[in-house]
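# Notes for the structure review
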Amino acid sequence: MCCYYFCFSILFPVFPCFSFSFCFFFLSCSSIAYILLIFINNYPVKMSKAKSTYFCQSCGAQSAKWVGRCPSCGEWNTYVEELISKEEKAPWKSSTTRQVAQKPKHLDEITYDQQQRIATSDGELNRVLGGGIVPGSIVLIGGEPGIGKSTLMLQIALSLSTVKVLYVSGEESEEQIKMRAERLGTGENNTYILAETGTQNIFKQIEALEPDLVIIDSIQTLHSAHIESSPGSISQVRECTAELLKYAKESGTPVLLIGHITKEGTLAGPKVLEHMVDTVLQFEGDRHMTYRILRTIKNRFGSTSELGIYEMQGSGLREVSNPSEILISQREEKLSGTAIAGSLEGNRPLLIEVQSLVSPATYGTPQRSSTGFDGKRLNMLLAVLEKRGGFRMGTQDVFLNIAGGLKVEDPGIDLSICASLVSSYEDIAIPSTVCFAAEVGLGGEIRAVNRIENRIAEAEKLGFKEIYISKYNKKGLDLSRFTMKIHACGKLEEVFSILLG
Ligand code: TYD
Ligand code: MG
C-alpha cells in the first residue's frame, strides 16, 4: 500500500488525470490478484503439489534423491519413491485446544491417576505386558507370517467378556474370522469384527461403537487417504500408526497392532514403528514346531526381560506354565550327546535340552551346523575344547540342536553345549539327573552366570540331582537351601574329570 501512496504523491502534481486513472487501474488489478490469492489459500488440497520422497523399505530412512545403498542400514536397492501430499486436517479429529505455553513443574507437584490396566485371561500376555494392557497404550505385536499373531489376538478378544473389543481385519473376511473364532471356542464375548482397511472409515466406526479395546490386523494392510502411496509402504504404515497413536492417546483406548516381518522386505517391517509405539512384543518360534515365544522388545510400562511361552494346538494357543517339563524329553534309554542346561529366558528359569552329534568328517572340510544356537559361538566352544581340552574336534562333523525349536542366546548354556559335544565325541552318555549352568571362556575357564539360585531351584524342582556351576557363583550362594549336589568348577578339565570319570 505504501508504494501506491508513493506513486500517487509523485505523479499527482505532474499529471493529475493520468495519474488518477493509472492508480485506479493498478489498485483494481492488485485487488483481483489479492482475491485470487485468498481463493487459492483456502483450497490447499486441490492446489497443493504432489510431493514425493524416497524411503528405504528396509529401515525406513528417507532421502530426497534415490540412492543405491542405504546410508542408514547399508542395504542395497531398497529405496522406493513414494508420493506424499500434505493436508492440513488430521483424520482423527483433534481437540482444538490452544497451544498453552507449559511451565516446568516440580516433580512433587505432578499428580496422576493410578491407571487401571485391562487384565486379560491370558497369564502369559499379562506377564509380558507387565500386568495387563495399559489404557491409551499402543502395543505392536510383530512376527513372521503364519506364526499365530491373528490367533493370539482373536483369542484375547474372545476371552474378554466385559470389555468391548473391536477387531479390525484387513487380511481376512468376516466369515473367515468367524470360522477361526468357532475353532478357538466363542464363549461369552463382546467382540465386534470390522473387515476394513481405510483409516477414515475405521475411525468413523470407532466413534459409533466406542470400543474399550481396538485390535488392528495388520498395520501393513491399512491405508490412509491422506497419503498417496500404496498400503504397506513405509509412509503409509507410519501415517496410519500416527493416526492410531493420536486416537489412543486422546481417547484413552488401548490399541493392539499386528505387524508382519518379511524376509523379502516387500512389506514395511515394524522396525520403523518401534519408536512410535509404547510396547513392542515379538512373537517367535519355528512355524513347524508347536512352541511359540512372546518376547518383550520394548515396554514403557514394564520390564523388557519378560517372556511368555505358548503351545499351538488344534484349538488355538495354549499357555505353557511349566515349560521345562515339556522341553526335556522323557528319555528311556541313555543317549550320548544330550545335556540339560539350566538356562534363563527373560526372568524365567528354563531347563532346555541340548543335543549334539559329533562324528568323523568324511569330506575334507568338516561340517558345522547349529539350530537354535549361534553358529559362531559354537565354533568358539569347539576351538576351546580343541585347545584347552585336547579333543580333536577339527576333524569332526558337528551338528548341534536345541530341542523344542527354541533359540537361545543365554551364555549360561555354554557348559551344557561343551558337555554335550564331549559326550557325543567320547560316546559316553551323561546321566539324566545331571544339568549344567555356566559360561565358558576362551581360556577354558568356567565363568559365573546371573541368577544362579533361580536356575538351581528350577533344576531341583524338576528332580535333578547334580548341577555343574562356576566356582565363582558358589561364593555368596546359600547352599543350605538346596538338597541337590552342586559341583563348583573353575576349569573345563575339572568338569570332564568328574563327568567322564
Ligand atoms: P495365524 O494366526 O493366521 O498366523 P499369523 O496371523 O501370524 O499370520 O495362524 C497361523 C497358523 O496357526 C496356521 O498355520 C494354522 C495354525 N493354527 C492352529 O494350529 N490351530 C488353531 O487353532 C489356529 C486358529 C491356527
Ligand atoms: Mg494373520
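Summarised in this report is the structure supplied together with it. (Residues numbered from 1 in each chain as written. Chains lettered and ligands numbered in written order. Predicted model: local features only at pLDDT ≥ 70, side-chain atom pairs only at ≥ 80, totals over all residues. Heavy atoms only, no water.)

In this structure the tally under the stated criterion is 15 salt bridges. Between Glu345 and Arg295 there is a salt bridge whose closest N-O contact spans 3.0 Å. Of this pair, Glu345 sits in strand 13 (residues 338-345) while Arg295 sits in strand 10 (residues 291-299); the two residues are 50 residues apart in sequence, bridging distant segments of the chain. We classify Glu345 as buried; its relative accessible area is 6%. (Salt bridge = Lys/Arg side-chain N within 4 Å of Asp/Glu carboxyl O. Helix = DSSP H or I, 4+ residues; strand = E, 2+ residues; numbered from the N terminus. Buried < 20%, exposed > 50% of the residue type's maximum accessible area, 1.4 Å probe, protein only.)

Around ligand 1, the structure places 15 residues, and the nearest of them are Gly146, Ser150, Thr151, Gln313 and Gly316. A distance of 2.9 Å is found between an oxygen atom of ligand 1 and a backbone nitrogen or oxygen belonging to Gly148. Against a free-state accessible area of 560 Å², the protein chains account for coverage of 75% of ligand 1. Looking at the shell around ligand 1 element by element, the count peaks at three residues for helix 5 (residues 149-159). Counted by class, the shell around ligand 1 contains three nonpolar, eight polar and four charged residues. (Near = heavy atom within 4 Å. Polar contact = N/O pair within 3.5 Å; in protein donor to acceptor, adjacent residues only side chain to side chain. Areas by Shrake-Rupley, 256 points an atom, 1.4 Å probe, with all protein chains shown as cover. Nonpolar A, V, L, I, M, F, W, Y, C, P; charged D, E, K, R; others polar.)

We now examine the sheet that holds strand 7 (residues 213-217). Read from one edge of the open sheet, nine strands run 6-5-7-8-4-9-10-11-12, paired in mixed fashion. At either margin of the open sheet sits one strand with a lone partner, and together these are strand 6 (191-195) and strand 12 (316-319). Across the sheet, the mean angle from the axis of one strand to that of its neighbour is 25 degrees, orientation sign disregarded. Where strand 10 meets strand 11 (residues 307-313), five bridges bridge the pair, whose relative direction is antiparallel. Residue pairing in the sheet places Arg295 in a bridge with Leu307 of strand 11. Across the face of the sheet, helix 6 (residues 174-184) comes into contact with strand 5 (165-169), strand 6 and strand 12 while running at roughly 145 degrees to strand 6. (Pairing = 2+ DSSP bridges. Axes fitted to C-alpha atoms, helices over the stretch in contact; angles between N-to-C directions. Contact = heavy atoms within 4.5 Å.)

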